[in-house]
2 protein chains.
Amino acid sequence: MKVTAVIMAGGRGERFWPKSRNSYPKQFLSLTSDGETMIQKTVKRLLPIVAYEDIFIVTNENYVPIICTQLPEIPVSNILAEPVARNTAPCIALAAAAVNKKYDDAVMIVLPSDHLIKYDELYINTMKHAVKVAQKEDNLVTVGITPTYPETGYGYIKFSTDENDDMGVYKVEKFVEKPCLDVAKEYLNSGKYLWNSGMFVWKVSSICKNLQKFLPTIYEGMLKIKDSIGTDSYEQTLSECFESFPSESIDFGIMEKADNIYTLSGSFGWDDVGSWLALEKINKTDEYGNYVSGDVITINTNRSIICSNKKLIASVGLDDIIVVDTDDAILVCDKEHTQEVKKVIENLKICNRRDLI
Amino acid sequence: MKVTAVIMAGGRGERFWPKSRNSYPKQFLSLTSDGETMIQKTVKRLLPIVAYEDIFIVTNENYVPIICTQLPEIPVSNILAEPVARNTAPCIALAAAAVNKKYDDAVMIVLPSDHLIKYDELYINTMKHAVKVAQKEDNLVTVGITPTYPETGYGYIKFSTDENDDMGVYKVEKFVEKPCLDVAKEYLNSGKYLWNSGMFVWKVSSICKNLQKFLPTIYEGMLKIKDSIGTDSYEQTLSECFESFPSESIDFGIMEKADNIYTLSGSFGWDDVGSWLALEKINKTDEYGNYVSGDVITINTNRSIICSNKKLIASVGLDDIIVVDTDDAILVCDKEHTQEVKKVIENLKICNRRDLI
């Protein structure tokens, strides 16, 4: 069966302000020294198992030109622009319509566009395995990540150790929301939980059955959209359907309710690059634990992240501080407060300073 | 007797990098919200007791245009450019030559150009008092500052409580170098020490006698310079004399050796503005103790100093951090490490990045 990939690239990435902006979010930035952007890496990583013409990207209208520029190998007809953002369920339904139109049934590997993976080969092996499991019956497969510490910023997947194929595939018992630290520690110690990475593998036919069962409005819309693909009414149908769709995540809308959900535990150096802290995980640091890029002088500075833009940044006596310069804004943030970068954006919104968001 | 003032304005002010540069040091910057530069404030403060035409400024050649621009009321002939820097003794000798040429004898109030004073009226009263004391015999008067905490960055003056005129004038027992913290605490508790502010008052004739006695080379040169003032040979004489002068401070060269040194204890809100920390002392801070200037958003930020230039600075979760943006460099510095800003400049020197120094 044909294997396709669907990359979800509509996110705003507020936590990477001031580099990420509404007009240019995280997935289109390069956060590694090789200069490749997150979405370019996501596509390149898939190529051993999915051809360019089978990679679909769902995004919002504003980002289509950026994607065309960064990924000229992807057919423009594979770039699917959502008229409005309605969370992941409608996004995946739109992609299912396009894949269904092109190939009738096929395997869909659904991926975020802005995660990093250290060990591409292990990743591909896991994905190959997931593709096999997804082709059996109507299995919905989610790729879980073996936790390495009690992270409170991720959702978790509880898997059942009773039924498994001895190849690292487990039946999912339940999905759980982001835990507090004590609960996260319990999860980690139990050995029965994986991080929910937001990566899914299933057949178009499998996800359609579940859409029909759990999200009938979206399913009906999906059928209309599919019929309109390639016709003059596509734009209008898409627009009308999306306006009518509820805003629903695939996790809550389907994965938490469906049967025959399986998970594979992936250990391929996954990072969701959720904040500036990721930079020191994915890049080399100096002997004092600093990650610096560009023109930077560090004096008595430890475990800091300093990204220069066009001018020198001198850091003196800093511990655990993030400094990011851009053309119109500078962020200086304590590493323990990265989640509060969103408050800067809220402030900018209140002050109607759209150019800086 | 005529009262003149001599403002020493040759300093480089490295501790205010990146705003202060070799080409534009601290005394020419505005560090207060009123927009007046340090040297403009120094001149303005004196006007109740010294006229513009009696204010002399000693500086280096490069700064003459800046002074002419910032202080157009000062006669250009009163701006004295040192050919090379030779510390304060030759600087004061040059000023003494100019004052001596213009007025024969006169009182000289010698002042740094880059200190701030909160209470101008108290300052003027102290200066008037100092001028009176300086006119008696050959007294050399130094204005000491009543210490308010055990500062280790200043020299101290020990005064004798045996002889005083009951008007706050004391005979100086000795000058002492910057102490360690324990010693500074002793000084503070003893009630017998003042901070050495580098402000002096004396007659030209008094300082000349002491130059002749303790620094004869400089005294001889001074006489030659005086004779050459207004002639074609001035530049050459000045240049030759300065080349031959030893580099000597007035404190070490004369004040620590001479007799009849008196001190007045000033309490007029003096600050030597020795580092970025001064900004929070001399300006208003917000309810969290932050001093911010320009376009700044602070989230969960306390006791920090943030100076924006042309773009937004967003600070998140910072405590006790200094952020200063300029056109070509950004400083981010912990408040406990301000003395290490000099290491940035050393680094720039080693890398031959003169444009940034």
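All residue numbers refer to position in the chain's written sequence, counted from 1. Each chain gets a letter, beginning with A, and each ligand a number, beginning with 1, in the order they are written. Local features in a predicted model are, by the rule used here, given only for residues with pLDDT of at least 70; side-chain atom pairs are given and counted only at 80 or more, and totals for whole chains, interfaces and linings are based on all residues. As a rule here, side-chain values cover all heavy atoms of the structure and leave hydrogens and water aside.

### Points about the pattern of salt bridges
Pairing is possible between side chains of opposite charge, provided their charged atoms come close. All names here are of chain A. One side-chain nitrogen of Lys or Arg within 4 Å of one carboxyl oxygen of Asp or Glu is enough to make a salt bridge. Counted according to the given criterion, the structure contains 36 salt bridges over all chains. Glu-243 is paired through a salt bridge with Arg-86; the nearest N and O atoms lie 3.8 Å apart. Linking Glu-243 in helix 8 (residues 234-244) with Arg-86 in the loop between strand 3 (79-82) and helix 3 (88-103), this pair joins segments that are 157 residues apart in sequence. Accessibility expressed as a relative area gives 48% for Glu-243, which makes it partly exposed. Connected through shared salt-bridge partners, Asp-34, Glu-36, Lys-41 and Lys-44 make up one network. In this description a helix means any DSSP run of H or I spanning at least four residues, a strand means any run of E spanning at least two, and both kinds are numbered starting from the N terminus. Per-residue accessibility, obtained with a 1.4 Å probe over protein chains only, is compared with the maximum for each type, and a residue is labelled buried under 20%, exposed over 50%, and partly exposed between these values.

### Considerations on the sheet that holds strand 14 (residues 305-307) of chain B
Sheet architecture is open: 6 strands sit in the order 13(A)-15(A)-17(B)-16(B)-14(B)-12(B), paired in mixed fashion. Since the sheet does not close on itself, it has two edges, and those belong to strand 13 (296-299) of chain A together with strand 12 (291-293) of chain B, each with one partner. Ignoring strand direction, the axes of neighbouring strands in this sheet form an average angle of 5°. Whether two residues are in contact is decided by their heavy atoms, any of which lying within 4.5 Å being enough. The axes are straight lines fitted to the C-alpha atoms, using for helices just the contacting stretch, and the angles between their N-to-C directions are given from 0 to 180°. The strands touched by helix 11 (residues 341-350) of chain B are strand 13 and strand 15 (312-316) of chain A together with strand 17 (329-334) of chain B; relative to strand 13 of chain A, the strand with the most contacts, the crossing angle is about 135°. We call two strands paired when DSSP finds no fewer than two bridges between them.

### Description of the relation of the copies chain A and chain B
Alignment of the copies relies on least squares applied to C-alpha atoms, considering only residues that score at least 70 for pLDDT in both. Rotating chain A by 180° and translating it 0.1 Å along the rotation axis places it on chain B, where the RMSD comes to 0.0 Å. The relationship between the two copies is best expressed as a two-fold rotation axis. When each C-alpha of chain A is compared by its distance to the rotation axis, Val-332 of chain A comes out closest, at 4.1 Å.

### Here we look at the sheet that holds strand 12 (residues 291-293) of chain A
Within the open sheet, the 6 strands sit side by side as 12(A)-14(A)-16(A)-17(A)-15(B)-13(B). Their pairing is mixed. The open sheet has two free edges, formed respectively by strand 12 of chain A together with strand 13 (296-299) of chain B, since each of these has just one partner strand. This sheet shows a mean twist of 5° between the axes of neighbouring strands, independent of strand direction. Two elements, strand 12 of chain A and strand 14 (residues 305-307) of chain A, share 3 bridges in a ladder whose sense is parallel. Across the sheet, the residue bridging to Ser-293 of chain A is Cys-307 of chain A, located in strand 14 of chain A. Helix 11 (residues 341-350) of chain A rests against strand 17 (329-334) of chain A together with strand 13 and strand 15 (312-316) of chain B of the sheet, and its axis sits at about 135° to strand 13 of chain B.

### Quick notes on the packing of aromatic side chains
Stacked, tilted and edge-to-face pairs are distinguished by plane angle, under 30 degrees for stacked and over 60 for edge-to-face with tilted covering the rest, among Phe, Tyr and Trp rings (Trp via its six-membered ring) whose centres lie within 6.5 Å. One pass over the full model with this rule turns up 26 aromatic pairs over all chains. Three or more aromatic residues joined by ring pairs make a cluster, and in this case those are Tyr-149, Tyr-154, Trp-195 and Trp-270 of chain A. Whether a charge sits over a ring comes down to the Lys NZ or Arg CZ being within 6 Å of the ring centre and within 35 degrees of the ring normal. Directly above the aromatic system of Tyr-123 of chain A lies the positively charged group of Arg-45 of chain A, at a separation of 5.6 Å from the ring centroid. The side chain of Lys-171 of chain B reaches across the aromatic face of Tyr-262 of chain B, ending 5.8 Å from its centre.

### A word on the interface of chain A and chain B
On the chain B side, the residues contacting the 34 residues of chain A number 34 residues. Summed over both partners, the accessible surface that disappears when two parts come together, traced with a 1.4 Å probe, is what is meant by buried area. Taking both sides of the interface into account, the surface hidden between chain A and chain B amounts to around 2700 Å²; carbon and sulfur atoms contribute 64%. Where chain A touches chain B, the interface holds 4 salt bridges. Lys-311 of chain B is paired through a salt bridge with Asp-325 of chain A; the nearest N and O atoms lie 2.8 Å apart. By the criterion applied in these results, polar contacts are pairs of N or O atoms within 3.5 Å in which, for protein atoms, one can donate a hydrogen and the other can accept it, and in which residues neighboring in sequence qualify only through two side-chain atoms. Counting the contacts that link chain A with chain B gives 20 residue pairs in polar contact (both at pLDDT 80 or more).

### Some words on the confidence of the model for chain A
In this model, chain A carries an average pLDDT of 94, and 99% of its residues clear a pLDDT of 70 or more. Across the predicted assembly, pTM comes out at 0.84 and ipTM at 0.84. Values of pLDDT, which run from 0 to 100, indicate the predictor's confidence residue by residue.

### Looking at helix 4 (residues 120-135) of chain A
The span you would expect from a helix comes to 1.5 Å times its residue count less one. In this model, helix 4 of chain A (16 residues) spans 23 Å end to end at C-alpha, consistent with the 22 Å of a helix rising 1.5 Å per residue. Those residues of helix 4 of chain A lying buried are Tyr-123, Ile-124, Thr-126, Met-127, His-129, Ala-130, Val-131, Val-133 and Ala-134 of chain A.

### Digging into helix 6 (residues 204-214) of chain A
Along helix 6 of chain A, the positions that sit buried rather than exposed are Val-204, Ser-206, Ile-207, Cys-208, Asn-210 and Leu-211 of chain A. Residues of helix 6 of chain A that are buried sit in contact with helix 3, strand 4 (107-112), strand 6 (140-145), strand 9 (193-203), helix 7 (216-228) and helix 9 (250-255) of chain A.

### What to know about the side chain of Arg-86 of chain B
Residue and element names in this part refer to chain B. With relative accessibility at 18%, the residue Arg-86 sits in the buried group. A polar contact of 3.1 Å, which involves the side chain of Arg-86, links it to the backbone oxygen of Phe-242. In terms of polar contacts, Arg-86 uses its side chain to reach the backbone carbonyl oxygen of Phe-245, at 3.0 Å.

### Notes on the environment of Thr-217 of chain B
Residues and elements named next belong to chain B. Considering the arrangement of structural elements, one finds Thr-217 in helix 7 (residues 216-228). Considering only alpha carbons, one finds Thr-217 and Leu-29, 188 residues apart in sequence, at a separation of 35 Å. Residues within four places of Thr-217 in sequence aside, it is in contact with Ser-244 and Phe-245.

### What to know about the packing of helix 3 (residues 88-103) of chain B against helix 7 of chain B
Residues and elements named next belong to chain B. It is at 9 Å that the axes of helix 3 and helix 7 come closest, and there the two elements cross at 40°. As judged from the angle between their axes, helix 3 and helix 7 are oblique. Judged by the sense of rotation from one axis to the other, the crossing of helix 3 with helix 7 is right-handed. Contacts from Ala-89, Pro-90, Ala-93, Leu-94, Ala-96, Ala-97, Asn-100 and Lys-101 of helix 3 reach helix 7 at Ile-218, Met-222, Ile-225, Lys-226 and Asp-227. In the contact of helix 3 with helix 7, the residues fall into 9 nonpolar, 1 polar and 3 charged. The scheme is simple: roughly parallel for angles under 35 degrees, roughly antiparallel for over 145, roughly perpendicular for 65 to 115, oblique for anything else. Note: crossing handedness is left-handed where the near helix turns anticlockwise from the far helix by less than a right angle, and right-handed where it turns clockwise. Three residue categories are used. Nonpolar comprises Ala, Val, Leu, Ile, Met, Phe, Trp, Tyr, Cys and Pro, charged comprises Asp, Glu, Lys and Arg, and polar comprises the others, including Gly.

### So, unusual backbone geometry
Working note: non-glycine residues mostly have negative phi, and peptide bonds are mostly trans. Of note, the amide linkage connecting Trp-17 of chain A to Pro-18 of chain A takes the cis form, showing an omega dihedral of 5°. Mapped onto the elements, Pro-18 of chain A comes out in the loop between strand 1 (3-8) and helix 1 (38-46). Of note in the backbone geometry, Asn-300 of chain A takes a positive phi value of approximately 55° without being a glycine. Tracing the backbone through its elements, the reader meets Asn-300 of chain A in the loop between strand 13 and strand 14. Backbone geometry at Val-273 of chain B places phi at a positive 50°, although glycine is not the residue there. Structurally, the position occupied by Val-273 of chain B is in the loop between strand 11 (270-271) and helix 10 (278-282). Using a relative accessible area of 0% as the deciding quantity, one classes Val-273 of chain B as buried.

### Describing the packing of helix 3 of chain B against helix 8 (residues 234-244) of chain B
All names here are of chain B. Between helix 3 and helix 8, whose axes approach to 12 Å, the crossing angle comes to 150°. Classified by the interaxial angle, the pair formed by helix 3 and helix 8 is roughly antiparallel. In this structure, helix 3 meets helix 8 at a crossing whose hand is right-handed. Note on element contacts: helix 8 touches helix 3 through Tyr-234, Leu-238 and Phe-242, opposite Pro-90, Cys-91 and Leu-94. Of the residues that constitute the contact of helix 3 with helix 8, the class distribution is 6 nonpolar, no polar and no charged.

### Focus on the pairing of strand 6 of chain A
For a regular strand, side chains alternate in direction, first toward one face of the sheet and then toward the other. Residues and elements named next belong to chain A. Where burial is concerned, most of strand 6 is hidden: 6 out of the 6 residues are buried. The pairing of strand 6 with strand 10 (residues 261-266) spans 6 bridges and is classified as parallel. Its bridge partner lying in strand 10, Val-143 is registered against Leu-264. Here strand 6 runs beside strand 9; their pairing, made up of 5 bridges, is antiparallel. If you follow Val-143 over to strand 9, its bridge partner there is Met-199.

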